[in-house]
Amino acid sequence: MAFTFVEGGVCAAQGFSAGAVHAGIRKNHDKKDLALIFADRMCSAAAIYTQNKVKGAPLIVTREHLQNGRARAILCNSGNANTCNADGLDIAAAMCKSAAQALKIAANDVVVASTGVIGQPLPLGPIKDAMPALAASLSTGGSGDAAEAIMTTDTKRKQVAVRFPIGDKLCTIGGIAKGSGMIHPNMATMLCFVTTDADIAPELLQKACKDVADETFNMISVDGDTSTNDMLAILASGAAANEPIKSLGKEYYHFQQGLMIVCRRLARELAADGEGATKLLECAVTGAPDCQTAKKVAKSVICSSLFKAAMFGGDANWGRVLCAIGYTDAEFDVSRVGVTLSSAAGSVPVCSNGAGVPFSEEQAAKILAQPEIRIEIDMAQGGETATAWGCDLTYDYVKINGDYRT
């Protein structure tokens, strides 16, 4: 069954509209800072959240709202994380109430999210004042505005959608995401909102959400910091009128594959847009003895600050790859490992059987000058594979985070 990329982001699926305004949370009046996604009917809903012990107030409120597996709207502000605030829960609940009044729905049918500076009070007044204009901004062409409004240090909007058949009906899955810094495996400073017109039971939507995140968003890292506010939330309207997906089977796994395509594309874009990044790094592990080892090795390499810095400088310092593999918390034989560096400019083997091999530094420099670099690791100890994504570590990362709050 074919998957086709289509335009429209979170509005590509039937039954959804989106919009955004500048509410005044951010100082830059040219930057939208309040986004809304709305479904024209009740949706199945699912979400997963950060594993940081410190959690933003919006996540706590959203988790309570989604206990029944249903929702109709997603509200998100940028510029302030609403985290570690004494009145945070009250503010998050009031945001839901304000949106609900404007949309004429129940407050507990609203998913709420925030992103930005931690520990700064979030004023409710600007959000309430902007709500009528925000509701009025809703349109089936509003995905791009919503994608812009949730950005913090991101340099570009991130949205994607795919269309595919389930039975005799065409279904669509679309998503928007933000994330540039504080990104690390096991969720990160990322927000991702996904919509679909497929008809799928809430419990299966939750399973798909978790399983796909483990292979996509949980396999990226920019700087090793796991955020307090990350969330992946999905609404399913059922407007495609497919035979309802109520059990595991062909239709469920086809839906999961579509969700995987959307989330993998967004995960790659998040990694490529890391704060100060100039290169996307993709680490592909093959021949691992088990799945967890494959994932751990891929993550270990992607998370290595020394290796990330070498990639920024275009230095084929393959010893840093072996070092990161070597301190991975897993059991395997390093003496069987091979490493190849590749890009659109070609590929060069740099290590075989755990030891260096002769290679052209000039050729390697050309390969590492490309905007996307692939680190291929063959463990030669089994049949399991995994892929992780990250970015290089640059001077600009320090500049961006040196005065992020002020």
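Per an unreviewed UniProt entry, the protein is named Arginine biosynthesis bifunctional protein ArgJ, and its organism is Anaerotruncus colihominis DSM 17241. On record in UniProt, under Function (unreviewed entry), the comment for the protein is "Catalyzes two activities which are involved in the cyclic version of arginine biosynthesis: the synthesis of N-acetylglutamate from glutamate and acetyl-CoA as the acetyl donor, and of ornithine by transacetylation between N(2)-acetylornithine and glutamate." According to the UniProt record, the Subunit (unreviewed entry) comment for the protein reads "Heterotetramer of two alpha and two beta chains."

A. A look at the domain arrangement of the protein. Under the domain assignment, the protein is made up of domain 1 (4–271) and domain 2 (280–403). Using only C-alpha atoms to locate each centre, domain 1 and domain 2 end up separated by 32 Å. The partner domain 2 presents 17 residues to the 16 residues of domain 1 that form the contact. Regarding the contact of domain 1 and domain 2, the summed buried area is about 1300 Å², with carbon and sulfur atoms giving 60% of it.

B. Quick peek at the sheet that holds strand β14 (residues 372–378). With mixed pairing, six strands are arranged side by side in an open sheet as β13-β12-β11-β14-β10-β15. Two strands in the sheet have a free side with no partner beyond their single neighbour: β13 (355–356) and β15 (384–391). Two strands pair when backbone bridges link them, and strand β11 (residues 338–343) and β14 are joined in this way by five bridges, in the antiparallel orientation. Note that in β14 the partner of L341 across the bridge is I375. Together, β11, β12 (346–352) and β14 form the strand contacts of helix α10 (residues 361–368), whose direction differs from that of β12 by roughly 120°.

C. How the structure looks around the pattern of salt bridges. This structure, assessed with the given rule, holds 10 salt bridges. Here K158 and D154 are joined by a salt bridge, their closest N and O atoms 2.7 Å apart. Comparing K158 with D154 shows no difference in burial state: the two are buried. One salt bridge in this structure joins R374 and E376, with 3.2 Å as the shortest N-O distance. If you follow the salt bridges from partner to partner, you end up with R268, E282, E372, R374 and E376 in one network.

D. Fine view of the environment of A288. Relative to the helices and strands, A288 is located in strand β10 (residues 280–288). According to the relative accessible area criterion, A288 is buried, its value standing at 0%. Along the chain, A288 and G383 lie 95 residues apart, while their C-alpha atoms are 5.8 Å from each other. Ignoring sequence-local partners within four residues, the contact set of A288 consists of A294, M379, Q381, G382, G383 and E384.

Definitions and cut-offs
Residues numbered from 1 in each chain as written. Predicted model: local features only at pLDDT ≥ 70, side-chain atom pairs only at ≥ 80, totals over all residues. Heavy atoms only, no water. UniProt positions renumbered as here; feature names shortened; annotations may be inferred. Domains from an automatic or database assignment. Contact = heavy atoms within 4.5 Å. Buried area = accessible area lost by both parts, 1.4 Å probe. Pairing = 2+ DSSP bridges. Helix = DSSP H or I, 4+ residues; strand = E, 2+ residues; numbered from the N terminus. Axes fitted to C-alpha atoms, helices over the stretch in contact; angles between N-to-C directions. Salt bridge = Lys/Arg side-chain N within 4 Å of Asp/Glu carboxyl O. Buried < 20%, exposed > 50% of the residue type's maximum accessible area, 1.4 Å probe, protein only.

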